[in-house]
Protein chains: 2
Amino acid sequence: MSAIPSLPTAKSIQVDTRGALILDEESPETRDSRGIYLPNYVEPVSHIAVDIGGSLAKVVYFTRSPEPPNSPSIAATRGSTTPPDDISPGKLTPPTPSSPSHRPNNLSRVNGALTPAILDSASTSNVISGLPPSLDTSFRDTLLRRVSVQHLPGGSLNFERYETDRIDECVEFLQHLIERSAHINGVPIEEMRKSVKIMATGGGAHRFYELFSDQLHVEVRREDEMECLIEGLKFISLIPDEVYYFSDELIYSVSHTPAVPFKVPEVLKVQNGVNGVYERPSPDPPKYAVTFEQNPTPQLPCLLVNIGSGVSIIRVDEDGSFERVSGTSLGGGTLWGLLSLLTSATSFDEMLSLSEKGDNATVDMLVGDIYGQDYTRMGLKSTMIASSFGKVFKKDGKKVQPSAEDISKSLLYAVSNNIGQIAYMNAEKYNLDRIYFGGCFIRGHAATVGTLSYAIRFWSKGTKRALFLRHEGFLGAIGAWIKNIGEERPEDR
Amino acid sequence: MSAIPSLPTAKSIQVDTRGALILDEESPETRDSRGIYLPNYVEPVSHIAVDIGGSLAKVVYFTRSPEPPNSPSIAATRGSTTPPDDISPGKLTPPTPSSPSHRPNNLSRVNGALTPAILDSASTSNVISGLPPSLDTSFRDTLLRRVSVQHLPGGSLNFERYETDRIDECVEFLQHLIERSAHINGVPIEEMRKSVKIMATGGGAHRFYELFSDQLHVEVRREDEMECLIEGLKFISLIPDEVYYFSDELIYSVSHTPAVPFKVPEVLKVQNGVNGVYERPSPDPPKYAVTFEQNPTPQLPCLLVNIGSGVSIIRVDEDGSFERVSGTSLGGGTLWGLLSLLTSATSFDEMLSLSEKGDNATVDMLVGDIYGQDYTRMGLKSTMIASSFGKVFKKDGKKVQPSAEDISKSLLYAVSNNIGQIAYMNAEKYNLDRIYFGGCFIRGHAATVGTLSYAIRFWSKGTKRALFLRHEGFLGAIGAWIKNIGEERPEDR
C-alpha cells in the first residue's frame, strides 16, 4: 500500500468531453456498458483500466474510430458466463472488423483499436490526404502538427465486465486487445506494449498485480480505489444523459408492493406493459418519469454510496477531497448470497426479475400485521415494513415456505432500504443534498432505484435527492482510466 | 388510538424498590424472567400487564408473599411451547402452593396470589396479633391504619412469555391466575375481578383488546407502547444487578470469529469450558468480565434500542420525555425468519446455539478476501466483514452450501452489526452516551451482546457504551404494569 498517492487535489479533467455521446443499448445486459463516443478526444497513451472488486472485474479502455462504433455486443457483458473452454487458443485469431457476427466468441467484442504511441507513416499520410481542401489553413497546420505526434481525434470509451473468479478471461481479453491493436495499427507488439498502461484499482489490484504484469508484459500501475471512484464520478457526471433520478410518483409506485393499495397511473401501465413489471430506465423513448440530466452541472459536494459486494459511503467535498465516512456489509453480495441459498436463481438479473413478480407482504411483517392499523402517533403507516421476513418464523416448527418471488422482493427491499437509511444518515450528518448511488448492485433495476430513492425521500422528508448513473458499476474503472491522463510527457515514451 | 395519553411527565415511580432482589435463575430459559422480590411494596390494586408484540406476548404481574418465593419454573417460560391440548380443562384445578413440583402443567407457575381489594378480617387480625409487643407505638398505629385498608408489604414481580400466535394460552393463564387468587384470598371471584386491571400494550393491545375484556371480565386499559417502554426502562434500571455491560476484552473475544487470529484469554477458556462457546452472563458467580450495575444511577438521558421482531430507536430526554427517532425492519424477526428458511432450527435458542459453533468467515467476504491485506488507508482491517454472505454466490450455478452453524453466525453478526451501527448514528446525532438495548432479540446471548457492544465501541471509538438489561424483553410490560400505579384512590374501589 506504500504506493498510494496522497489525496487528489482538485484538477481539471484532461479528457475532452465536448460532444460526448452515449451509444445505443443492444440489450439490458449492455445497459450499463454502452460505449461513450468522445469525438474530440485524443489519447496519447492507451490507458486500460481494470477495477477488480470482490465479485466483478470492470474494464474500461479507449479505442479510436472514425465514427461512432457499435455498442458493445451482448457477448461483451455475458462474455464471462460462457465456459472458459469456449475460449480455446484456436479461437484467438482476431476476427476481422467485417465479421462482427463472430459469436459467442467473447473476443469479437473488440471495437476499433488502442492507440499506438507512434503512428506508421502510412496512416499519417492517409490522414493528411483525407483532409478536405476547403479546410482552414491555420487549423490544417495545427492538425498536421498534432498528427505528427498523434492522430485524428475521436474514439470511444468501452466498458466490459468479468467475474473476479474468472480473472483469467479478463487477462486473456486484454492480451488479445493489445495484440489486435498492434495488428490493426501495423506496429510491432513490443511497440504497442510500450504505449499501453494498465491502471489497476479495487481490492483485486493488489491480489492480481503480478498476474497482470507477468501475463501482459505492460506497465501496471495500482491506483487507490476510493480516489478512482471519486475521479470516475467527477468525469461521468459530466456526460449528458448519464445521471438520472426518479420522479416522486414513480418512486412511490415502484417502491410499494402490489399488496399496498395504490392505483398505478395509466401512463405507467401503458409504458410498462405488464402492470407492476418495470423496464429499466432509458431516455429514448423515456420509460415513465425518469429524468436524465442533459446539461450536467457541477456535482460536488456530494455523498457517494458505492454498492458492490459491500457498501462504501464516501463524503466528497467541493474541492474533490474525500473521506470514506461509513459503509455496511449488507450490500449486493448479501442479496446475491442469500438469494442463491434461498432460490434457484443462478444470476443476479434472474433474482431481480423474480423480485419484480413478488409480493413481500407474504413474508414481511407489516405495521398493520402487528397493530391492525397505523401506529399514527409514531407516524408508522400500516403498510410500512415492521420486520423483514418477520412472518416466516414459526416456533412450533410449522415453517412457511414463501415463493422465490416473494423472498426476492422482500430481501431486495430489506437491503435497499437499509442502504438508503444509512446513506441518508450520513448525508444528514455532513449536510449533503446530493446522494449518488453507484456500483454493480443497482443495475438500473427499477425496484432497486425506486427503493433507494424512496428511502432517501422518506428519511429526508423530501429534502435530499437520490441520483443514479447509467455506468453505475464503472466509476472506479473510469477513474483509474482518467487518473493519470495528461501526465505523460514525450520522454515517457 | 384515541385513548392514547399525552407524553408522560417526569414522575416519581410509585413502587417502593428498597431492598429489591432479583431471584435465582432456574435455567437459561428463565434467565430473563426471574422474579423480582420487592420486600417493601404494597399493591393496592392488582395490575396485570400484557405487552403483545409481533411474535411474543409478555406478561408482568405482582403477587404478595411472606418471603421471597421461588423463581418462575422452566415451565413458566416454555409454557406456550407445550401443546395446547396439554392444558385440558381437567388440569385447571389450581395446584396447592405445597405442590410446586406439579410439572409440566403450565398453570403451576403461579407464585403467591394477586391482591384483592378487601382483605378478609381473618388475615387482618392475624397480621395484628403477629406484631411484636416491643414495636414502637406510633409505627404500630401507622401499620394498623395501613392494614385496615391494605395488608403487610412484600411480594414479587412475575414475568411470563407467550407466543402471540398462541394468545389464547395467555388469556387462559390470566383467567386461572385471577380465579386462583380469589380462591387463596377467600374472596368471591366477582370481588377479585373488581380489584384487577389488565394493562395492555404493544401492537397486539389493539388487535386483542376485545379478546381480553370479553374473556377475563376485568377492566382492560390500553397503554401506548413507547411510553411503556420508557416507564419500564426507568423502573428496571433502578433494580440492582439488572443493568450489565461487557468489558472491552470480552467484547473483542466474543465478537470475533475463531477464524480471526485472537488468543482467547485463559480466564475465558476456563470460565466457558468449551473454547468459543459462551454461557449467558450471570453475576453469581460472574461469568467472564460482565459488569453488573449494583448501585444504579439515574439513567436518563439515553437512547433506547428496542429489538423485537423489528427495531425501534427512541431518544429519551432527562425529564423522561421521548421520541421514536428511528428504527429498522432488520430485527429479530429477520434473523428468525431467514434462519428458519435456511436451517432446520425450530427455536430461536437453537439458532443461537448453532451460531456459537459457526465460523462466519466461510460465508462472509472479509476485507482480506478482497484486498489480500488490510485496506490501511481507509482503516479497514483484513478481518473486517466487507460483505455478509458475499462468499456464497457463484454466478456459474455452482452453489456453495455452507453449514447451518456458519450461516447462523453470519446472519447474527449481520443483523447485530447493522442495528449497532444505526443505533450509534442516532446516539451521535442526539449526543447521547448511554445506549440501552432491550427486546426479546437479545436473550442475554453472548454473541449478540458482544456484537452490539462491539459495533457501538467500533463506531463511537469507545466513547459510547452499550448497556443491557436482564429483563430486556419485559420493558414494555413492566412499564404498563407500573404506569397507573398510585393513581387509584379509595373511591376507585
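Our subject in this report is the structure included herewith. (Residues numbered from 1 in each chain as written. Chains lettered and ligands numbered in written order. Predicted model: local features only at pLDDT ≥ 70, side-chain atom pairs only at ≥ 80, totals over all residues. Heavy atoms only, no water.)

1. Focus: the overall build of chain A
- Each helix and strand counted, chain A has 16 helices and 16 strands in total.
- In chain A, buried positions account for 59% of the 493 residues.
- Within chain A, residue pairs in contact and separated by at least 24 positions form 74% of the contacts whose partners lie at least 6 positions apart. (Helix = DSSP H or I, 4+ residues; strand = E, 2+ residues; numbered from the N terminus. Buried < 20%, exposed > 50% of the residue type's maximum accessible area, 1.4 Å probe, protein only. Contact = heavy atoms within 4.5 Å.)

2. A short note on the sheet that holds strand S5 (residues 155–163) of chain A
All names here are of chain A.
- As summarised here, the arrangement of the seven strands in space is S1-S2-S5-S4-S3-S6-S7, forming an open sheet in which the pairing is mixed. Bordering the open sheet on either side are strand S1 (21–22) and strand S7 (219–222), each of which pairs with just one other strand.
- As judged from the nine bridges shared by strand S4 (residues 56–64) and S5, these two strands associate in the antiparallel manner. In the sheet register, Ala-57 faces S5, and the bridge partner there is Tyr-162. (Pairing = 2+ DSSP bridges.)

3. Re the pattern of salt bridges
All names here are of chain A.
- This structure, assessed with the given rule, holds 25 salt bridges over all chains.
- Between Glu-223 and Lys-483 there is a salt bridge, with the nearest N and O atoms lying 3.5 Å from each other. Taken as a pair, Glu-223 in the loop between S7 and helix H8 (225–236) and Lys-483 in helix H16 (residues 475–483) lie far apart in primary sequence, 260 residues in all. In terms of burial, Glu-223 and Lys-483 fall into one category: buried.
- Through salt bridges with shared partners, one network takes in Glu-223, Glu-227 and Lys-483. (Salt bridge = Lys/Arg side-chain N within 4 Å of Asp/Glu carboxyl O.)

4. Thoughts on the relation of the copies chain A and chain B
- Between the two copies, chain A and chain B, the superposition gives an RMSD of 0.1 Å; the rotation angle is 180 degrees and the shift along the axis is 0.0 Å. Considering both components of the superposition, the chain copies are consistent with a two-fold axis.
- The residues that chain A uses at the interface reappear at the interface of chain B in 100% of cases, marking a shared surface. (Least-squares fit on C-alpha atoms with pLDDT ≥ 70 in both.)

5. With respect to the sheet that holds strand S6 (residues 196–201) of chain B
All names here are of chain B.
- In space, the seven strands of this open sheet follow the order S1-S2-S5-S4-S3-S6-S7, with mixed pairing throughout. Pairing within the sheet leaves two strands with one partner each, and these edge strands are strand S1 (21–22) and strand S7 (219–222).
- With two bridges connecting them, strand S2 (residues 36–37) and strand S5 (residues 155–163) associate as antiparallel partners. Directly across from Ile-36, in S5, lies its bridge partner Leu-157.

6. What about the interface of chain A and chain B?
- Taken together, the contact between chain A and chain B spans 82 residues of the former and 84 residues of the latter.
- Here chain A and chain B share two salt bridges between them.
- Where Glu428(B) meets Lys429(A), a salt bridge forms, and the shortest distance between an N and an O atom there is 2.9 Å.
- Inspection of the chain A/chain B interface yields 15 residue pairs in polar contact (both at pLDDT 80 or more).
- At the level of elements, helix H6 (204–207), H8, strand S12 (322–328), helix H11 (332–342), helix H12 (348–356), helix H13 (367–371), strand S14 (385–387) and helix H14 (404–429) of chain A are the ones that each hand at least two residues to the side of chain A that touches chain B. (Polar contact = N/O pair within 3.5 Å; in protein donor to acceptor, adjacent residues only side chain to side chain.)

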